[in-house]
Amino acid sequence: MTSAKEGDFVYFDPPYIPVNQTANFTNYTPNGFGLVQQKILRDTALQLASKGVNVMLSNADLPLTAKLYSNPEFKIHHVQAKRSINSNGTKRGKVGEVIITTY
């Protein structure tokens, strides 16, 4: 990140904010990836944008995500993503996600 400069493009695909308690797959590191890390990611995206870096990131389409990225620097694009994996076959299909950009 420190080498990113004006005109560069950075994409972040973090562990998504869980849509419910059973969807809490955020333990990709020993310390997990919770709300504190989500806020650090948001702040990192803002720092990069202030340097003229084009930032894109994805996350779950939730009210908490909208609140985290409510800074006018962010543009939130709502999309539907197809999911083929779920322990409950009836819950497979399209889910709401967001693509957040600074450009």
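Just so you know, these numbers come straight off a predicted model, no measurement behind them.

The rules behind the values
Residues numbered from 1 in each chain as written. Predicted model: local features only at pLDDT ≥ 70, side-chain atom pairs only at ≥ 80, totals over all residues. Heavy atoms only, no water. Pairing = 2+ DSSP bridges. Helix = DSSP H or I, 4+ residues; strand = E, 2+ residues; numbered from the N terminus. Core = buried A, V, L, I, M, F, W, Y, C linked by side-chain atoms within 4.5 Å. Buried < 20%, exposed > 50% of the residue type's maximum accessible area, 1.4 Å probe, protein only. Contact = heavy atoms within 4.5 Å. Salt bridge = Lys/Arg side-chain N within 4 Å of Asp/Glu carboxyl O.

Moving on: the pairing of strand S4 (residues 93–101). Taken together, the five bridges between strand S2 (residues 54–60) and S4 define a ladder with antiparallel strand orientation. Residue pairing across strands places Ser58 opposite Ile99, the latter belonging to S4. Taken together, the nine bridges between strand S3 (residues 75–83) and S4 define a ladder with antiparallel strand orientation. Bridge pairing links His77 to Ile99 in S4.

Before going further, it helps to examine the nonpolar core. Phe12, Leu48 and Tyr69 are the most contacted members of the largest nonpolar core, which totals 17 residues. Listing elements by their share of this core, those giving two or more residues are strand S1 (9–12), helix H1 (35–50), S2 and S4. Sequence-distant contacts of Tyr69, that is, excluding residues within four places in its chain, are made with Gln38, Leu41, Arg42, Leu57, Phe74, Ile76 and Ile100.

For the structure shown, the criterion picks out two salt bridges. Here Asp8 makes a salt bridge to Lys5, at a shortest N to O gap of 3.7 Å. In this structure, Arg42 and Asp43 form a salt bridge, with 2.9 Å as the shortest nitrogen-oxygen distance. Taking relative accessible area as the criterion, Arg42 reaches 19% and is therefore assigned buried. Given the relative accessible area of 33%, Asp43 is considered partly exposed.

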